[in-house]
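# Architecture at a glance
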Amino acid sequence: MTVRVCRACDEPITDPDDAILVWHQESMSGPGRDVWAHRDHADLIEPDTSLVRVLARVMISKAMQSGD
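Sequence positions are assigned chain by chain, starting from 1 and proceeding in written order. It should be noted that, the model being predicted, local features are given only for residues of pLDDT at least 70 and side-chain atom pairs only at 80 or more, the latter also being counted only at that level, while totals for whole chains, interfaces and linings use all residues. Neither water nor hydrogens contribute to the side-chain values; these are computed over all heavy atoms in the structure.

Take the environment of Gly30 next. Structurally, Gly30 can be placed in the loop between strand S3 (19-25) and strand S4 (33-38). Between the alpha carbons of Gly30 and Asp15 there is a distance of 27 Å; along the sequence they are 15 residues apart. Secondary structure elements are defined from DSSP: runs of H or I of at least 4 residues count as helices, runs of E of at least 2 residues count as strands, and each element is numbered from the N terminus.

Right, here's the structure in full:
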C-alpha cells in the first residue's frame, strides 16, 4: 500500500477517498512523484511555479540574443 502525504499539512492520508492528486512533480533522476492533498486542503496548495520561472528565463534569454 502506498502512503500518501498531504502537501499542505504533512500528515498521512489514510482514507483513499480523501486523497486529491494535486500535480505530478518531475524529477531530474527518476520518474518523479505525485503530490497529494486531503480533500479539505486541496485549495490551500499553491501551484508549483518552478517550470514557469525556467520558461521565463529561456524566453528572456532568447529575446536578448535575437535583438527583438
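Now that the structure has been shown, we can carry on.
With that settled, the discussion passes to unusual backbone geometry. A positive phi angle, close to 60°, is found at Asp10, a residue other than glycine. You can see Asp10 is positioned in the loop between strand S1 (4-5) and strand S2 (12-13).

Right, let's talk about the environment of Ser27 for a bit. Structurally, Ser27 can be placed in the loop between S3 and S4. Of the residues examined, Ser27 reaches a relative accessible area of 34% and is grouped as partly exposed. The spatial distance from the C-alpha of Ser27 to the C-alpha of Lys62 is 25 Å, given a sequence separation of 35 residues. For Ser27, the side chain forms a polar contact with the main-chain nitrogen of Ser29, separated by 3.2 Å. Burial status follows relative accessibility: with a 1.4 Å probe on protein chains alone, a residue under 20% of its type maximum counts as buried, one over 50% as exposed, and anything between as partly exposed. Two N or O atoms form a polar contact when they lie within 3.5 Å of each other; inside protein one atom must be a possible hydrogen donor and the other a possible acceptor, and for residues adjacent in sequence the pair counts only when both atoms belong to side chains.

Among the structural elements, Glu46 can be located in the loop between S4 and helix H1 (50-66). Glu46 sits 38 residues away from Ala8 along the chain, and the two C-alpha atoms are 9.2 Å apart.

Here we come to the nonpolar core. Ranked by size, the top nonpolar core spans 8 residues in total: Cys6, Ile13, Ala19, Trp23, Val35, Trp36, Ala37 and Ile45. Elements represented by at least two residues in this core include exactly S3 and S4. Among the elements that take part in this core, S4 stands out by supplying 3 residues, more than any other. In this analysis, two residues are considered to be in contact whenever any of their non-hydrogen atoms come within 4.5 Å of each other. When neighbours within four sequence positions are excluded, Ala37 is seen to be in contact with Cys6, Arg7, Ile13, Asp18, Ala19, Ile20, Val22, Ala42 and Ile45. Buried Ala, Val, Leu, Ile, Met, Phe, Trp, Tyr and Cys residues that are joined via side-chain atoms within 4.5 Å together make up what is termed a nonpolar core.

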